[in-house]
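Summary of the model geometry
Here is what each chain is made of, one letter per residue.
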Amino acid sequence: MFGSLMFILMLVTSIESAIPSVKAIGVANVVVNSVYWGSNPLSPSNAHPGDANVPLSIVLSNVGDDSARDVKANLSIGPPLTYTYYEGDARYAGSSISKTAGDIGPGMSFTVSYVLSVDSNAKEGVYRYKLLLSYKTARELQEVTNPITVDIPVWKSDLRIQNVITLPPKIYPDNKQVQVKVSIINSGKGTAQDLRLQMEVKKPFQASSSGSDKYFVGNLPAGQLSELDFMVDVDKDAKFGRYPVALSIETGEKPMPIGEVQLFINEKVQFEVVKVTPTDFQAGDSGKVVRVELRNTGSIKADSVRAQLRVGNFFSGTLTDFLGTILEGEVKVAFFTVDVDARAQSGVYNFDLRIDWTQDNNALDDTLRVPMNVRPPGAPVMLLVLGVIILVGVVYVGVRKGKIKIALPLRKKK
């Protein structure tokens, strides 16, 4: 019995070994692996309404176990995407674009690229288009067609002002190089590309230098923040109050506003020169005391007030006076001692009277004008007095010696 079973098993084994082995024929299978705007898969971009000639990349992958020969990908498009091409000088619009990927081996990929434009009035969303793949299997050379639906997104960026700070925190009239730091966020779904922003300053503001009212951001992806730095000057005669300043995206045509930057100008103490005495000098004067009356014409007090008379060549002396606190409407007097060089030219001199003070813990200053008239030097007083004394002495000696006779008026006889 056992021997019979062994014989049957050996017979079956010999029959199986005599049958030739048959392998399954491989199949190519090309699918869409990914779709993205741009040409760099590590840094994809977005297409926005109005964009022109933007590359759309579609990655094809062969997930089968046989090579796909002569792979072609035909993309049918429609609004809001357009495809234009030229033949000679003529411009045409196409409804489909065909690209060749060549042969794709098993497990391999190939990226086809289409250059498309987006209508300016396109709405945000994901648009579906038909991609027809065609290829041949390597072994059977049988034509395979595979229609696939691809999703192509069109997103907009949405820039919003999140925060605004200034350095210094408080802005006053005549401030120079005020730094305005604006934080913006892209709350849209699309990347803002080649972003250039401009703060549209107008009176009482102006750009501190050429280009200080503009800022180049570059690309700002969705959900990300960017901090912009602008530099502005404030007019000397600016009135206190709140001023809205438009923040806009620079475009090739009219700037596109995205919001307003609110800037507040604080009230600044104003001074006026009430009276200056004296205003007339002679070249060669020394130790002349100048009295300058100052009034606080603002509605805020000024603390730690210092007045400094800034004179030019040929003038010197004690030119700084500390006045302490000057209340609103109050008048205080600054005293200066001025020496005038004898070589000073005659004429009217307009000197700067610089006033600096603290206001709400902010160091501020202003400059007023003080005129002074300089006359040519006169004869020294001591020399005049000495000359008169000598003259009187000569006359007296001459009269005593009879060399000088003084004729007196004769009296009439009665």
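Here is what the cut-offs are and how they apply
- Residues numbered from 1 in each chain as written.
- Predicted model: local features only at pLDDT ≥ 70, side-chain atom pairs only at ≥ 80, totals over all residues.
- Heavy atoms only, no water.
- Helix = DSSP H or I, 4+ residues; strand = E, 2+ residues; numbered from the N terminus.
- Buried < 20%, exposed > 50% of the residue type's maximum accessible area, 1.4 Å probe, protein only.
- Contact = heavy atoms within 4.5 Å.
- Areas by Shrake-Rupley, 256 points an atom, 1.4 Å probe, with all protein chains shown as cover.
- Polar contact = N/O pair within 3.5 Å; in protein donor to acceptor, adjacent residues only side chain to side chain.
- Salt bridge = Lys/Arg side-chain N within 4 Å of Asp/Glu carboxyl O.
- pLDDT = per-residue confidence, 0-100.
- Pairing = 2+ DSSP bridges.
- Axes fitted to C-alpha atoms, helices over the stretch in contact; angles between N-to-C directions.
- Lys, Arg positive; Asp, Glu negative; His and termini not counted.
- 1 Å grid on protein atoms, 1.4 Å probe; cavity = no way out; pocket = protein on both sides within 12 Å on 5 of 7 lines; lining within 4 Å.
- Points joined across faces, edges and corners; volume = space filled by probe spheres on them.
- Nonpolar A, V, L, I, M, F, W, Y, C, P; charged D, E, K, R; others polar.
- Phe/Tyr/Trp six-rings, centres within 6.5 Å; stacked < 30°, edge-to-face > 60°.
- Core = buried A, V, L, I, M, F, W, Y, C linked by side-chain atoms within 4.5 Å.

Moving on, we come to the overall build of the chain. A tally of helices and strands in the chain yields 2 helices and 26 strands. By the burial criterion, 33% of the 414 residues in the chain qualify as buried. Intrachain contacts of the chain at a sequence separation of at least 6 include 67% that bridge at least 24 residues. As displayed, the chain has an accessible area near 25100 Å², and 54% of this comes from carbon and sulfur atoms.

On to the side chain of Asn-62, then. Within the secondary structure, Asn-62 is located in strand E2 (residues 54-62). There is a polar contact of 2.8 Å between the side chain of Asn-62 and the backbone oxygen of Asp-66. What Asn-62 contacts, discounting residues up to four positions off in sequence, is Ala-28, Asn-29, Val-30, Ser-67, Ala-68, Ile-104, Gly-105, Pro-106, Gly-107 and Met-108.

Let us now look at the pattern of salt bridges. For the structure on display, the rule yields 21 salt bridges. Its salt-bridge partner being Asp-158, residue Arg-160 comes within 3.0 Å of it at the nearest N-O pair. Note on Arg-160: relative accessible area 47%, which makes it partly exposed. Its relative accessible area of 28% is what places Asp-158 among the partly exposed residues.

Model confidence for the chain is summarised by a mean pLDDT of 86, while 85% of its residues fall at 70 or above. When the criterion is pLDDT under 50, residues 1-24 qualifies, and its contacts beyond four places in sequence or with other chains add up to 1 contact.

Our focus in this paragraph is the sheet that holds strand E10 (residues 159-167). Read from one edge of the open sheet, 4 strands run E10-E11-E15-E13, paired in antiparallel fashion. Each edge of the open sheet carries a strand with a single partner, namely E10 and strand E13 (205-207). Strand-to-strand, the axes of this sheet are offset by a mean angle of 40°, without reference to chain direction. When E13 meets strand E15 (residues 225-234), the two strands line up antiparallel, connected through 3 bridges. Residue pairing across strands places Ala-207 opposite Val-232, the latter belonging to E15.

Moving on: the side chain of Asp-321. Within the secondary structure, Asp-321 is located in strand E23 (residues 320-326). Buried charge without a partner: Asp-321 forms no salt bridge, and the closest opposite charge is Arg-291, 9.7 Å away. Looking at Asp-321, its side chain comes within polar contact range of the main-chain nitrogen of Phe-335, at 2.9 Å.

A few words now on the layout of surface pockets. Over the atoms, a rolled probe matching the size of one water molecule traces out where space is still vacant. A volume near 580 Å³ is recorded for the largest pocket. Surrounding the largest pocket, 20 residues form its lining, His-48, Pro-49, Ser-157, Ile-249 and Met-256 being those nearest its centre. Sorting the residues of the lining of the largest pocket by element identifies strand E12 (192-200) and strand E17 (256-265) as the ones contributing at least two each. Counting residues per element, the lining of the largest pocket draws most heavily on E12, which supplies 4 residues. Here the lining of the largest pocket is built from residues that sort into 8 nonpolar, 7 polar and 5 charged. Considering only enclosed or pocket space, the second largest pocket measures out at about 180 Å³ in volume.

Turning our eyes to something else, we now look at the packing of aromatic side chains. Aromatic ring pairs are reported here in terms of the distance separating the ring centres and the angle at which the planes meet. For the structure on display, the rule yields 7 aromatic pairs. Summarising the aromatic geometry, the rings of Phe-205 and Tyr-243 are spaced 5.8 Å apart at their centres and angled 90° between planes, so their arrangement reads as edge-to-face. Of this pair, Phe-205 sits in strand E13 while Tyr-243 is found in strand E16 (residues 241-249), placing the two residues 38 residues apart along the sequence. Tyr-243 sits in the partly exposed class, given a relative accessible area of 21%.

A separate point is the sheet that holds strand E8 (residues 125-137). Read across the open sheet, the 4 strands follow the order E6-E3-E8-E9; overall the sheet is antiparallel. With one partner strand each, in any of the chains shown, strand E6 (96-104) and strand E9 (143-154) form the two edges of the open sheet. Each adjacent strand pair in this sheet contributes to an overall mean axis angle of 20°, direction not counted. As judged from the 7 bridges shared by strand E3 (residues 68-76) and E8, these two strands associate in the antiparallel manner. Looking at E8, one finds that Ala-68 is bridged to Thr-137.

The next subject is the environment of Thr-320. Counting through the fold element by element, Thr-320 comes out in strand E23. Under the relative-accessibility criterion, Thr-320 is labelled partly exposed at 31%. Separated by 34 residues in the primary sequence, Thr-320 and Arg-354 have C-alpha atoms spaced 9.5 Å apart. Sequence-distant contacts of Thr-320, that is, excluding residues within four places in its chain, are made with Arg-306, Ala-307, Gln-308 and Phe-336.

On to the nonpolar core. Soluble globular proteins tend to bury their nonpolar side chains together. Of all hydrophobic cores here, the largest spans 31 residues; its most connected members are Phe-271, Leu-309, Phe-336 and Leu-353. By residue number, the principal contributor to this core is strand E26 (residues 362-375), which donates 5 residues. Formed by 30 residues, the second largest nonpolar core is a distinct cluster that contains Leu-60, Ala-68, Ala-101 and Val-154.

What follows is about the pairing of E2. Taking burial as the measure, the 9 residues of E2 include 8 buried ones, the bulk of the element. Of the strand pairs in this sheet, strand E1 (residues 30-37) and E2 are connected by 7 bridges, and their pairing is antiparallel. Pairing of Val-32 across the sheet is with Leu-60, part of E2. With 8 bridges connecting them, E2 and strand E7 (residues 109-118) associate as antiparallel partners. In the sheet register, Pro-55 faces E7, and the bridge partner there is Val-115.

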